[in-house]
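So the chains spell out like this:
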Amino acid sequence: MAETDTDFAALIGSRICHDLISPVGAINNGLELLLMSGMNMSPEVALIDESVRNASARLRFFRVAFGSGTTQPVAAQETTDILRDLYAQSKWEVIWPVGVAPSRSALRMVFLGLLCLETGMPYGGRIEIEHRTTGWDITGTADRLNINAALWGVLAGRPLAERLLPAQVQFGLLPAIVKDSGQQLKSIVTETTITLSIKD
């Protein structure tokens, strides 16, 4: 069976994240051992500690968002841990529905949706994820939004005149993955809210 473009993208994403998670984890473990041996938590060490933790959280998030989608469920605690570690020191507050354990495929689409909302809410805000029997709603609320109409049009299936930038890749990948899954993607933007809906 031939691989699709999204399959190849997922394989590449999985490989990169898999190869980087181990050394980043080793750095984190080494730092913890040094602190346990009596090394002081100086501002420099605190900066390294924060940076390593952020890198680890981002790799875990990206491994889902840009990795392979499967029907295997992801435990609710694992999902909340990833989101907590990633957004703890960020401009965004992300609310995950209590007890929901989605498939890896569904979580991949939700995480890509989160990256889209981050782009539209560059000054921060609150993002709430809701799970319904028909699919998912991801709603961001902020005092100020920054909406690139052409970029958000890609989510509705409209072509983009220019190539996507690396920081915008989620806008091209999300609709392709949603289409491959046989679902539908819809976005609604108002002055202070953005809602992405992924429906069966």
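Use the structure listed above.
Presented here is a report on the structure given in the accompanying data block. (Residues numbered from 1 in each chain as written. Predicted model: local features only at pLDDT ≥ 70, side-chain atom pairs only at ≥ 80, totals over all residues. Heavy atoms only, no water.)

A few points about the overall build of the chain
And step 1. Each helix and strand counted, the chain has 6 helices and 5 strands in total.
And step 2. A compact globule built from 200 residues should have a C-alpha radius of gyration of about 16 Å, and the chain, at 18 Å, falls within 12% of that.
And step 3. Judged by the C-alpha coordinates and their principal axes, the chain covers about 55 × 45 × 40 Å.
And step 4. Per-residue burial for the chain yields a buried fraction of 38% across its 200 residues. (Helix = DSSP H or I, 4+ residues; strand = E, 2+ residues; numbered from the N terminus. Rg over C-alpha atoms; globule rule 2.2 N^0.38 Å. Buried < 20%, exposed > 50% of the residue type's maximum accessible area, 1.4 Å probe, protein only.)

Observations regarding the nonpolar core
And step 1. Grouped together as the largest cluster of nonpolar side chains are 43 residues, with contacts concentrated most on Phe61, Phe111, Leu114, Leu174 and Leu196.
And step 2. For this core, the leading source of residues is helix α4 (residues 104-120), giving 10 residues.
And step 3. If we ignore the near neighbours within four places in the chain, the residues touching Leu174 are Met109, Leu112, Gly113, Cys116, Leu155, Leu185 and Leu196. (Core = buried A, V, L, I, M, F, W, Y, C linked by side-chain atoms within 4.5 Å. Contact = heavy atoms within 4.5 Å.)

A short note on a nonpolar patch on the surface
And step 1. Together, Ile12, Ile16 and Leu20 give the surface a local cluster of nonpolar side chains, amounting to about 280 Å² of exposed area.
And step 2. Along the polypeptide, Leu20 turns up in helix α1 (residues 5-36).
And step 3. Of the residues examined, Leu20 reaches a relative accessible area of 41% and is grouped as partly exposed. (Patch = residues over 30% accessible without salt bridge, like charges linked within 9 Å, V, L, I, M, F, W, Y side chains within 5 Å. Areas by Shrake-Rupley, 256 points an atom, 1.4 Å probe, with all protein chains shown as cover. Salt bridge = Lys/Arg side-chain N within 4 Å of Asp/Glu carboxyl O.)

Comments concerning the packing of helix α2 (residues 43-65) against helix α3 (residues 76-87)
And step 1. It is at 8 Å that the axes of α2 and α3 come closest, and there the two elements cross at 135°. Overall, the two elements α2 and α3 adopt an arrangement that is oblique. Where α2 crosses over α3, the two elements pack in a sense that is left-handed. Taking contact as the criterion, the partners of Asn54, Ala57, Arg58, Arg60 and Phe61 in α2 are, on α3, Glu78, Asp81, Ile82, Leu83, Asp85, Leu86 and Tyr87. (Axes fitted to C-alpha atoms, helices over the stretch in contact; angles between N-to-C directions. Parallel < 35°, antiparallel > 145°, perpendicular 65-115°, else oblique. Left-handed = near helix turned anticlockwise from the far one by under 90°.)

What about the packing of α3 against α4?
And step 1. Direction vectors running N to C along α3 and α4 enclose 20°, while the axes themselves pass 13 Å from each other. Judged by the angle between their axes, α3 and α4 are roughly parallel. Note that α3 runs across α4; the crossing there is right-handed. Judged by residue contacts, Thr79, Ile82, Leu83 and Tyr87 of α3 engage Leu107, Phe111, Leu114 and Glu118 from α4.

Digging into the pairing of strand β4 (residues 184-189)
And step 1. In terms of strand pairing, β4 meets strand β5 (residues 193-199) through 6 bridges, oriented antiparallel. Bridging from a neighbouring strand, Gln184 pairs with Lys199 of β5.
And step 2. From the end of β4 to the start of β5, which pair antiparallel, there are 3 residues. (Pairing = 2+ DSSP bridges.)

A word on the environment of Gly125
And step 1. By secondary structure assignment, the location of Gly125 is in strand β2 (residues 125-132).
And step 2. Along the primary structure Gly125 and Gly153 are separated by 28 residues, whereas in three dimensions their C-alpha atoms are 22 Å apart.
And step 3. Among all residues touching Gly125, those that are not within four sequence positions of it are Lys91, Trp92, Glu93, Thr141 and Ala142.

As for α2
Note on helix geometry: an α-helix contains 3.6 residues per turn, so any two residues three or four positions apart are oriented the same way.
And step 1. With 23 residues, α2 ought to run about 33 Å at 1.5 Å a step, and its terminal C-alpha atoms sit 32 Å apart, in line with that.
And step 2. Taken together, the buried positions of α2 are Val45, Asp49, Val52, Ala57, Leu59, Phe61, Val64 and Ala65. (Expected span 1.5 Å × (residues − 1).)

Section: the pattern of salt bridges
And step 1. Tallied over the full model, the rule gives 9 salt bridges.
And step 2. Linking Glu128 and Arg126 is a salt bridge whose minimum nitrogen-to-oxygen distance equals 4.0 Å.
And step 3. On the basis of relative accessible area, Glu128 is assigned to the partly exposed category, the value being 32%.
And step 4. Salt bridges linked by common partners bring Arg60, Asp81, Arg84 and Asp85 together as one network.

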